[in-house]
Amino acid sequence: MKIAIAGMGYVGLSQAVLLAQHNSVCVVDVAAEKVDMLNRGISPIQDSYLDAYLNKPHLRLRATLDPEDGYSGAEYVVIAVPTDFNPRENAFDTAMVESVIRQVLRYAPEAVMVIKSTVPVGFTQSMQSKYPAGHILVSPEFLREGKALYDNLYPSRIIVGTDLADPALTEQAHAFARLLQEGAEKKNVELLVTGCGEAETIKLFANTYLALRIGFFNELDTFAELRGLDTGSIIHGICQDPRIGQYYNNPSFGYGGYCLPKDTKQLLANYRDVPQNIISAIVAANSTRKDFIAEQILARHPRIVGIYRLTMKAGSDNFRQSSIQGVMKRIKAKGVEVVVYEPALREDRFFNSRVIRDLDEFKRVSDVIVANRYSDDIRDVPDKVYTRDLYFRD
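Residues numbered from 1 in each chain as written. Predicted model: local features only at pLDDT ≥ 70, side-chain atom pairs only at ≥ 80, totals over all residues. Heavy atoms only, no water.

**Remarks on a nonpolar patch on the surface**
Logical step 1: Taken together, the side chains of Tyr 209, Leu 212, Tyr 247, Tyr 248 and Ile 278 define a hydrophobic patch exposed on the protein surface, amounting to about 480 Å² of accessible area.
Logical step 2: Tracing the sequence through the fold places Tyr 247 in the loop between α10 (231-239) and α11 (260-270). (Patch = residues over 30% accessible without salt bridge, like charges linked within 9 Å, V, L, I, M, F, W, Y side chains within 5 Å. Areas by Shrake-Rupley, 256 points an atom, 1.4 Å probe, with all protein chains shown as cover. Salt bridge = Lys/Arg side-chain N within 4 Å of Asp/Glu carboxyl O. Helix = DSSP H or I, 4+ residues; strand = E, 2+ residues; numbered from the N terminus.)

So this is what it looks like as structure tokens:
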């Protein structure tokens, strides 16, 4: 069976490798460098499992820049293109998803399309109505940065949304789910086939709950820091309750990355005519936390502040909307010089701040070193380091 994947980010690439274990898979992307890397067996993103699996000889996987080549003859097309949040429209920008739908209808009109991109509630149904000739499903992903393939191989659950009133499309939803189950290493993965709106809503609420946990423990940490209390002891005591649990409780500078900032804003936008208090507070709490962190750093009266790594977490090369960038911008707005140490950067400047590639020089010139996540790299300058990372694990 031929399966096509639109998009070569974390979602698209991990889906491609998962499905290429038992199917012929072609990834379509617009970035020539990424296409070339994948065709040479090199992962264009940092993910240890991807690196290992791309070297397996039985994998039937290739990439192309040509949509006609990629989509023609495909039985399934997985759509995993970006849907950034547009603050002016107060909604996800779904133009790329719809563009792929039109291309698939042109080159593979019988293919079943599966939207993996995160979309607003109601979007898939609107596409089914707008393009009645298409066969369109939605299947939210639940991946961690740096562990995208692992989370496909050992998924917590598989969810596929369909038009439950359409027996043929509902059977296609079950068939696609079986393809995901076939590629997974984990057995007996829970499968849930729902309506499209329910599947879209599950994704937004799941990520917003994770953002809520981050915001909760960050505000606990803010309280403890201002009251001179031991954050770690408080968190340990709270999380001994099995209903709360010892997970997702490490203080940080706020939530960031590909999903949580935009998904929380999109869910809030979907609440336009629905009473709520908590969802808007989750969005607002992230800005409040960055304000507080910046104030704590500035209270040390530094001449130069060093930003140690822009990435969200260890084992990731992604620093898109990372929380430390928000802190950095607040510090710069007060006229304090900021320098950056980030090996993943190719440029000499980042947001008009000097990038220092020599770690020793970076530590020498920085009066305060700001680290969202601690590292042994800065263990020798403890008096300079400002971090709220308690557990050194994520």
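**Some details on the sheet that holds strand β16 (residues 385-386)**
Logical step 1: One open sheet accounts for six strands, arranged β13-β14-β12-β11-β15-β16; its pairing is mixed. Of all the strands in the sheet, just β13 (349-350) and β16 have a single pairing partner and so form its edges. (Pairing = 2+ DSSP bridges.)

**Here we look at the pattern of salt bridges**
Pairing between side chains of opposite charge can happen when the charged atoms of each approach one another.
Logical step 1: Counting across every chain of the model gives 21 salt bridges.
Logical step 2: The partner of Lys 130 in a salt bridge is Glu 98, and the shortest N-O contact between them spans 2.5 Å. Of the two residues, Lys 130 sits in helix α6 (residues 123-130) while Glu 98 sits in helix α5 (residues 95-107), which places them 32 residues apart along the sequence.
Logical step 3: Taking the relative accessible area as the measure of exposure, Glu 98 reaches 13% and is therefore buried.
Logical step 4: Linked by salt bridges that have partners in common, Asp 221, Glu 225, Arg 289 and Arg 388 make up one network. (Buried < 20%, exposed > 50% of the residue type's maximum accessible area, 1.4 Å probe, protein only.)

**Some details on helix α12 (residues 278-298)**
Logical step 1: The end-to-end C-alpha distance of α12 is 30 Å, a good match for the 30 Å that 21 residues give at a rise of 1.5 Å each.
Logical step 2: Along α12, the sharpest kink reaches roughly 25°, centred on Ala 284.
Logical step 3: Taken residue by residue, α12 has Ile 279, Ile 282, Val 283, Ala 285, Asn 286, Arg 289, Lys 290, Phe 292, Ile 293, Ala 294 and Ile 297 as its buried positions.
Logical step 4: Packing partners of the buried residues in α12 comprise α9 (196-227), α11, β11 (304-308), α13 (323-333), β15 (368-370) and β16. (Expected span 1.5 Å × (residues − 1). Bend = angle between axes of the 7 residues up to and from the residue. Contact = heavy atoms within 4.5 Å.)

**A closer look at the environment of His 236**
Logical step 1: Within the secondary structure, His 236 sits in helix α10.
Logical step 2: Between the C-alpha atoms of His 236 and Arg 102, which are 134 residues apart in sequence, the distance is 52 Å.
Logical step 3: The contacts of His 236, once residues within four sequence positions are left out, are Gln 246 and Tyr 391.

**Comments concerning the packing of α9 against α11**
Logical step 1: Axis separation between α9 and α11 bottoms out at 9 Å; the angle between their running directions is 115°. Crossing geometry of α9 relative to α11 is assigned as left-handed. Between α9, through Lys 203, Leu 204, Phe 205, Asn 207, Thr 208, Leu 210, Ala 211 and Ile 214, and α11, the contact on the second element is made entirely by Leu 260, Asp 263, Thr 264, Gln 266, Leu 267 and Asn 270.
Logical step 2: Broken down by class, the residue content of the contact of α9 with α11 amounts to seven nonpolar, five polar and two charged. (Axes fitted to C-alpha atoms, helices over the stretch in contact; angles between N-to-C directions. Left-handed = near helix turned anticlockwise from the far one by under 90°. Nonpolar A, V, L, I, M, F, W, Y, C, P; charged D, E, K, R; others polar.)

**A word on α13**
Logical step 1: Taken as a whole, α13 has its buried residues at Ser 323, Ile 324, Gln 325, Gly 326, Val 327, Met 328 and Ile 331.
Logical step 2: Looking at the buried side of α13, the elements it contacts are α12, β11, β12 (337-341), β13, β14 (353-355) and β15.
Logical step 3: Backbone geometry just after α13 places Gly 335 at a positive phi near 85°.

**Digging into the pairing of strand β8 (residues 135-138)**
Logical step 1: Across four bridges, the pairing between strand β7 (residues 112-115) and β8 is parallel. Residue Val 112 lies in a different strand from β8, and its bridge partner there is His 135.
Logical step 2: Handedness of the crossover joining β7 and β8 through α6 is recorded here as right-handed. (Right-handed = clockwise from strand over helix to strand, strands pointing away.)

**Some points on the side chain of Asn 372**
Logical step 1: Along the polypeptide, Asn 372 turns up in the loop between β15 and β16.
Logical step 2: Taking relative accessible area as the criterion, Asn 372 reaches 5% and is therefore assigned buried.

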